[in-house]
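The chain contents come next:
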Amino acid sequence: MPRPSAAPVLGAYRPSYGAAAIAAVLVLLLYIVTLAPTTAMWDASEYIAAVKVLGLPHPPGNPLFVLIGHTFGLLPIAPEYAQRINLLAALCSALSAGIWFLVAERALAGFGIARPFRLAGAAVATLVGATAFTVWNQSVVNEKVYTVALLFVAVVSWLMIRWLDEPEGPRSDHILVAVAYLLGLGYTNHPAGFLALPAVGIAVLVRRPTTLLRWRLVAAGAAALLLGLTPFIYEPIRAAHFPRISLGEPTACTTGLALECTLDPVTADRLVSNINREQYGKNPVTVRQAPIGAQIGMWWMYFEWQWLRDADGNVPGLQRALAFVFLALGLYGGVLHWQRDRRTFWYVGTLVFTVTLGLIYYLNFKYGFSQAPELGDAVPREVRDRDYFYLWSFSTWGIWAGLGLVGIWQLVAGATTGAAPAERRRFVLSSPVLAFALVPLIVNWGDASRAGETFTREWAHDLLNSVEPYGVLITNGDNDTFPLWYAQEVEGVRQDVTVLVTSLLGTDWNVRQLVRNPVRPYDAATGPSIYRDREWPTPTGSPLALSMEAAEAIPDYTELREAARFRAGNIDAIVPPQLLTRDKIVTLQMIRSSFPSRAIYFSASVYPEELGLSDYIVRQGLALRLWNGLPSSAPGTVPTATGHLDVPRTLALWTDVYRGPEALLEQDDWVDRASISIPLQYVFAGGLLAEGLDRTGRDSLATEVSQKVRAIADAVDLSEIFGP
């Protein structure tokens, strides 16, 4: 079989923008059908809430995304605010799919096939990339900023493909300057904006290396890149206005009007620190957090997920077989790309390398949450599966997998060149080969789709409504915090509750926010009926009764060499010896200054245990309340295996307030096992309620609650915890 030339004849080639637009629309329709109607676990709630209030999500702050998202959220395109932001994710990913269609079609120009079959091949590549599990799952809810970053990578890629075909001249120079600007602009959305940079550099070096010697063009490109970075100025300007969500708070201004703040050197240092994510203190890439083989193994595990997620592990053999097939298709497509269109291969090949092996090395992850379960806790692990960081890898792999499938199509059709009618018929008759591209669409639908999933929103409502008006809720991490921000800032639910997360209380800026943020009123008309039996006076100030100067003087830590006595109200506790970090110092000072006039709750038992407060904790539904005295004397409270339970309050919450159990029963499965602890909270609370009801002689009601708890456990598959 003759091999086509590595330098394709492009005289008759014209990009099929209309066909690409149709492909993008079809992908968008798929994403809309499977779109999440509201928020989701992990960072989705944080980013949707930050967009709503024009705030700053966690470092690096993602200013471009916040500005784009806030504007998009104002459009009347969906009834719910979260749906609009989710649609932004879907639109960006669908547009990226349309661009990958163009890239694949351009690569197929060297395959010697007629245009209709070239379009079919590009459609196949688009379908594979768009329905890979992580790409699809991240495109139907705006968990972070990754689909916007994907669009930037795709746009830069298409511009570079056009540049590779463009003769030297002003037009090609303009393309390079535009690419430089988009690289800088994309970085202000997320550092992934630079993912295309190595491919850009290799393409220039291979195609036209003398470009680097033209100092005016290089200077123009550098200026354009710097211009693209200017949205970062949003961060200190907005932080100085003290939005409700301002993580990192990159401003030296702590009080007063924003107009009085200046961009001084301290602000500049804080901004640079925020952009560089110094708050997280990650190891340099030269200090590996796991063996490189294990890190490649993590990528491979996620690669296996793309073509059949199989969240329940029912068909691991089929999952692995499909992964090897798509790996082989992609590698074969890469070889064909090298052989038949070397000009564009240098860009696409470098990009694929960057977003796979290059990204694996740079990210330097610990063992994955689901990786090598036989090692257990013997190795350091990520707190969740990080497959979303490889969204760009799986999306671009679709291009080469599509090329590989087209190569097989050609082999089956028995032709590589020409357009004789007989050859056309052979292509048509052998086209069922392309149906293999439908596999990810078919098998991933159940796990990738987020249609109808409302649990995270209900969880946020339920946890907030577990807290009495003007209470303080001390949370433990992302999933018991960010959904609460969403409920408060986007839906206006229980804004009177002060939500504090222990990991942020360890920062000086979060303590300042606790002192500064005003108390918001409790709306009894929209609040739970269980709190309408009394008046709730509005507190006069922050639960941390300190001046700004005193708050800033709190040390990072203090060493508690001996057990210390702690008293507040009727609490007389012993704080064990430990390194008392700022968050714990703040918590104890807050309890001393505002308790018992303000109810204080915890979302998890670990933190009060560390502070020596376990004897004063009573469970009320999903929340653990700090009791003003020993809980054994409280009416309606019974001891349980894990402490004390307020049976009347928990029963009222379970039957009259909580909507999460019903949302869980409507959910088919719980794909993300790293966040299974959240639905598990209902199982724990319901189980303890059933125990408390049984102890107080209400057997039939206890049985009813127990049955619902079991149904929840079955719905989200907690068999690994409770057994089959």
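That block above? That's the structure.
An account of the accompanying structure is given in this report.

## Comments concerning the overall build of the protein chain
Part 1 of the reasoning: Check the secondary structure of the protein chain and you find 30 helices and 11 strands.
Part 2 of the reasoning: Over its C-alpha trace the protein chain gives a radius of gyration of 28 Å, about what one expects of a compact globule, namely 27 Å for 724 residues.
Part 3 of the reasoning: When the backbone C-alpha atoms are referred to their principal axes, the protein chain occupies close to 90 × 65 × 50 Å.
Part 4 of the reasoning: When the 724 residues of the protein chain are sorted by exposure, 59% land in the buried category.
Part 5 of the reasoning: Considering only contacts in the protein chain between residues 6 or more positions apart, those separated by 24 or more positions represent 75%.
Part 6 of the reasoning: Carbon and sulfur atoms make up 61% of the accessible area of the protein chain, which amounts to about 28800 Å² in all.
Part 7 of the reasoning: In the protein chain, the 56 positive side-chain charges and the 63 negative ones have mean positions that sit 9 Å from each other.

## As for the pattern of salt bridges
Part 1 of the reasoning: A full pass over the atoms with the stated rule returns 29 salt bridges.
Part 2 of the reasoning: The partner of Arg659 in a salt bridge is Glu458, and the shortest N-O contact between them spans 2.9 Å. In this pair, Arg659 sits in the loop between helix H26 (647–657) and helix H27 (660–666) while Glu458 sits in helix H19 (residues 455–465), placing the two residues 201 residues apart along the sequence.
Part 3 of the reasoning: Close ionic contact of Arg561 with Glu559 constitutes a salt bridge, the shortest N to O distance being 3.5 Å.
Part 4 of the reasoning: Via salt bridges that share partners, Glu249, Asp508, Arg512, Arg516 and Glu552 belong to a single interconnected network.

## Considerations on the sheet that holds strand S11 (residues 643–646)
Part 1 of the reasoning: On the basis of which strands lie adjacent, the open sheet formed by 7 strands has the order S2-S1-S7-S9-S8-S11-S10 and mixed pairing. In this open sheet, the two strands that pair with only one neighbour each are strand S2 (498–501) and strand S10 (637–640). The mean angle between the axes of side-by-side strands here comes to 35°, regardless of whether they run parallel or antiparallel.
Part 2 of the reasoning: Of the strand pairs in this sheet, strand S8 (residues 617–620) and S11 are connected by 2 bridges, and their pairing is parallel. Among the inter-strand pairings, Arg619 is bridged to a residue of S11, identified as Leu645.
Part 3 of the reasoning: Strand contacts of H26: strand S7 (600–602), S8, strand S9 (623–626), S10 and S11, with the helix running at about 60° to S11, the strand carrying the most contacts.

## Things to note about empty space enclosed by the protein
Part 1 of the reasoning: Applying the stated rule across the entire model yields 4 cavities of 30 Å³ or more.
Part 2 of the reasoning: Taken as a whole, the largest cavity spans an internal volume of roughly 430 Å³.
Part 3 of the reasoning: Lining the largest cavity are 27 residues, with Arg244, Thr498, Val499, Leu500 and Asn517 sitting closest to its centre.
Part 4 of the reasoning: Its residues assigned to classes, the lining of the largest cavity shows 13 nonpolar, 9 polar and 5 charged.
Part 5 of the reasoning: The wall of the second largest cavity is formed by Ser93, Ala97, Trp100, Ala125, Thr126, Gly129, Ala130, Val135, Leu150, Ser395 and Ile399.

## So, unusual backbone geometry
Part 1 of the reasoning: Residue Pro60 is bonded to the preceding Pro59 through a cis peptide linkage, with omega at 15°.
Part 2 of the reasoning: Assignment of secondary structure puts Pro60 in the loop between helix H2 (44–52) and helix H3 (63–73).
Part 3 of the reasoning: In this structure, Trp42 is a non-glycine residue whose phi angle is positive, near 60°.
Part 4 of the reasoning: The residue Glu249 is not glycine, and still its phi comes out positive at about 35°.

## Brief notes about helix H24 (residues 582–594)
Part 1 of the reasoning: The end-to-end C-alpha distance of H24 is 18 Å, a good match for the 18 Å that 13 residues give at a rise of 1.5 Å each.
Part 2 of the reasoning: The element H24 is extensively covered by neighbouring structure, given that 10 of its 13 residues are classed as buried.
Part 3 of the reasoning: Those residues of H24 not exposed but buried are Arg582, Asp583, Lys584, Ile585, Val586, Thr587, Leu588, Met590, Ile591 and Ser594.

## A look at the side chain of Arg386
Part 1 of the reasoning: Within the secondary structure, Arg386 sits in the loop between helix H15 (342–363) and helix H16 (391–413).
Part 2 of the reasoning: Taking the relative accessible area as the measure of exposure, Arg386 reaches 15% and is therefore buried.
Part 3 of the reasoning: A distance of 3.1 Å separates polar atoms of two side chains, one belonging to Arg386 and the other to Glu382.
Part 4 of the reasoning: Separated by 2.5 Å, the side chains of Arg386 and Tyr388 make a polar contact.
Part 5 of the reasoning: Aside from chain neighbours lying at most four places away, what touches Arg386 is Tyr302 and Phe365.

What counts, and where the lines are drawn
Residues numbered from 1 in each chain as written. Predicted model: local features only at pLDDT ≥ 70, side-chain atom pairs only at ≥ 80, totals over all residues. Heavy atoms only, no water. Helix = DSSP H or I, 4+ residues; strand = E, 2+ residues; numbered from the N terminus. Rg over C-alpha atoms; globule rule 2.2 N^0.38 Å. Buried < 20%, exposed > 50% of the residue type's maximum accessible area, 1.4 Å probe, protein only. Contact = heavy atoms within 4.5 Å. Areas by Shrake-Rupley, 256 points an atom, 1.4 Å probe, with all protein chains shown as cover. Lys, Arg positive; Asp, Glu negative; His and termini not counted. Charge placed at Lys NZ, Arg CZ, Asp CG, Glu CD. Salt bridge = Lys/Arg side-chain N within 4 Å of Asp/Glu carboxyl O. Pairing = 2+ DSSP bridges. Axes fitted to C-alpha atoms, helices over the stretch in contact; angles between N-to-C directions. 1 Å grid on protein atoms, 1.4 Å probe; cavity = no way out; pocket = protein on both sides within 12 Å on 5 of 7 lines; lining within 4 Å. Points joined across faces, edges and corners; volume = space filled by probe spheres on them. Nonpolar A, V, L, I, M, F, W, Y, C, P; charged D, E, K, R; others polar. Expected span 1.5 Å × (residues − 1). Polar contact = N/O pair within 3.5 Å; in protein donor to acceptor, adjacent residues only side chain to side chain.

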